[in-house]
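# Fold and contact review
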Amino acid sequence: MSKVTVYSTKDCPSCTMATAFLEKHRVPFESIDTSADPKAAQKMIELSGQQGGPVITVDDEVIVGFDARRLNELFGEPAPGQIFDVLIVGAGPAGLTAGEYCARKLLMTMIVSENIGGQALESWAIENYMGYRMVTGEDLMKKFEEQAKNLDLRLEIDQVTGIFGEGNLFLVKTLSGTTLQAKCLILAQGKRPRKLGVPGEEQYLGRGLSVCSTCDGPLFRAKKVAVVGGGNSALQTAIEMSGIAQSVSLIVRSTIRADPDYQKKVESKNNITVYLHSRVSTLHGGRFLTGITITDEKGGEQVVSADGVFVEIGWLPNTGLLGGFVELNKEKEIVVDINCHTSRKGVFAAGDVTSVKGKQIIIAAGEGAKAALEASEYVMKMGT
């Protein structure tokens, strides 16, 4: 039997997914929390060259990040050749809620997603979800996941690479090589972080540059960090990191657009420096990031020391895999009507991947419920 070790951080969603995958497939493993053990964190960096988890060792093999394809190759089980009533792409608030409603309608349901929780996992604090005065994104999504796992539905951690129509069925291909069949689809794959678009970005990703502050924040304790962005997520990250890092530089392209409450909290922190009308133009460092150059609106440049840079400049819809399968708007979001119908019969969509204006967890969950009810009606009509 292989010796498996998972190096992770306490609030890392990808780390949680890795351990959940291993537990699901009954793979024994040792879990090491690098956020609580600096020596373990250093060992993780030496093994992988990465300043972020998860890092999984399987005997002498080192797997960086939650690599669903490789883990499925090592420990996965082949999916049966059954036809599902509903296949849901994505397991964020919209996808999990849709799964809940489909299962309660006694539909044979499959959810396929790269992670469980989606964008919500990266929220440090959620203060506008009914039933909670304040809850972290990770804790809220754990509640969603627990409820989903108590239902009669199948949830697979994998990446969808293509969707096709074949007669009255839909075929969904995944990165692990599986082809799934379903009578109808609910697309709820959310969005992905927007990149800086500067040279060296790929080189330093995981080596000081991060798009997940809840994942990697603890690894930069007592160090200098920068946060890029001027919205709620950016200011929330700056506030949280101010209690972890030595100093925080907040780089804002124009002016701050966050809620007044967040702005007041930033102003109250004596270790946060705000740079308005500035953008990151250069990344500096060797093996790891050591600083950035910022350029202001007049062309003036300034070098800012930073061991870590957290990018919070917005999101892009995960619709690249669709390839014209359904209609998209100019923002590349899936166009839906008031009842979550897309331009293709039998295909519904919900959550932040759609053209619905409101991008909130509670809205995504409600849209997931609507999509499931429409899918149920569609499947019922197919059988008549």
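Look above for the structure.
The text that follows walks through the structure, step by step, so that each part is easy to find. Note that the structure is a prediction, hence the values are computed from the model and not measured.

### Things to note about the overall build of the protein chain
- The secondary structure content of the protein chain amounts to ten helices and 21 strands.
- In terms of overall size, the protein chain behaves like a compact globule, its C-alpha atoms giving a radius of gyration of 21 Å where 384 residues would be expected to give roughly 21 Å.
- By principal-axis analysis of the C-alpha atoms, the protein chain measures approximately 65 × 50 × 40 Å.
- By the burial criterion, 53% of the 384 residues in the protein chain qualify as buried.
- For the protein chain, the computed accessible surface area is about 18,000 Å², with 48% contributed by carbon and sulfur atoms.

### Some points on the packing of helix H4 (residues 93–104) against helix H10 (residues 361–382)
- The N-to-C vectors of H4 and H10 enclose an angle of 35°; their axes lie 7 Å apart at closest approach. In the packing of H4 onto H10, the handedness of the crossing is right-handed. Across the interface between the two elements, Pro 93, Ala 94, Thr 97, Ala 98, Tyr 101 and Cys 102 from H4 touch Ile 361, Ala 364, Ala 365, Gly 368, Ala 369, Ala 372 and Leu 373 from H10.
- Here the residues of the contact of H4 with H10 sort into eleven nonpolar, two polar and no charged.

### Description of the nonpolar core
- Within the largest apolar cluster, 52 residues are counted, with the highest numbers of intra-cluster contacts made by Ile 56, Phe 66, Phe 75, Val 86, Leu 96, Leu 140 and Ile 186.
- Counting residues per element, this core draws most heavily on H10, at eight residues.
- Beyond its immediate chain neighbours, meaning those up to four positions away, Val 86 contacts Cys 102, Leu 107, Met 108, Thr 109, Met 110, Ala 182, Cys 184, Ile 186, Ala 375 and Val 379.
- In this structure, Met 44, Val 55, Leu 219 and Leu 250 belong to the second largest nonpolar core, which totals 27 residues.

### Topic: helix H2 (residues 38–48)
- Buried within H2 are the following residues: Ala 40, Ala 41, Met 44, Ile 45 and Ser 48. Down the axis, H2 shows its buried residues gathered within 140° of arc, on one side only. Facing away from the buried side of H2, by more than 90 degrees, are the exposed residues Pro 38, Lys 39 and Glu 46.
- Where H2 is buried, its residues meet strand E1 (4–8), strand E2 (30–33), strand E3 (55–58) and strand E4 (61–64).
- Here H2 starts with a cap whose side-chain oxygen sits 3.1 Å from the backbone nitrogen of Lys 39, and that cap is Asp 37.

### Looking at the pairing of E4
- For E3 and E4, the ladder comprises four bridges, and the chain directions are antiparallel. Bridge pairing links Val 55 to Val 64 in E4.

### Let's talk about the sheet that holds strand E14 (residues 247–251)
- Spatially, five strands are ordered E12-E19-E13-E14-E15 in an open sheet, and the strand pairing comes out parallel. Each of the sheet's edge strands pairs with one partner strand only, and the pair in question is strand E12 (209–210) and strand E15 (272–275).
- Bridge analysis of strand E13 (residues 224–228) against strand E19 (residues 308–311) gives four bridges, and the strand direction is parallel. Bridge pairing links Val 225 to Gly 308 in E19.
- Across the sheet, helix H8 (residues 232–242) is in contact with E13, E14, E15 and E19; its angle to E14 comes to roughly 170°.

### Describing the environment of Gln 159
- Following the sequence through the fold, Gln 159 ends up in the loop between strand E7 (154–157) and strand E8 (160–166).
- Since its relative accessible area comes to 29%, Gln 159 is described here as partly exposed.
- For the pair Gln 159 and Gly 90, spaced 69 residues apart in sequence, the C-alpha separation works out to 9.2 Å.
- When residues no more than four places from it in sequence are discounted, the contact partners of Gln 159 are Glu 114, Lys 173, Thr 174 and Leu 175.

What counts and how
- Residues numbered from 1 in each chain as written.
- Predicted model: local features only at pLDDT ≥ 70, side-chain atom pairs only at ≥ 80, totals over all residues.
- Heavy atoms only, no water.
- Helix = DSSP H or I, 4+ residues; strand = E, 2+ residues; numbered from the N terminus.
- Rg over C-alpha atoms; globule rule 2.2 N^0.38 Å.
- Buried < 20%, exposed > 50% of the residue type's maximum accessible area, 1.4 Å probe, protein only.
- Areas by Shrake-Rupley, 256 points an atom, 1.4 Å probe, with all protein chains shown as cover.
- Axes fitted to C-alpha atoms, helices over the stretch in contact; angles between N-to-C directions.
- Left-handed = near helix turned anticlockwise from the far one by under 90°.
- Contact = heavy atoms within 4.5 Å.
- Nonpolar A, V, L, I, M, F, W, Y, C, P; charged D, E, K, R; others polar.
- Core = buried A, V, L, I, M, F, W, Y, C linked by side-chain atoms within 4.5 Å.
- Arc of directions from axis to C-beta.
- Polar contact = N/O pair within 3.5 Å; in protein donor to acceptor, adjacent residues only side chain to side chain.
- Pairing = 2+ DSSP bridges.

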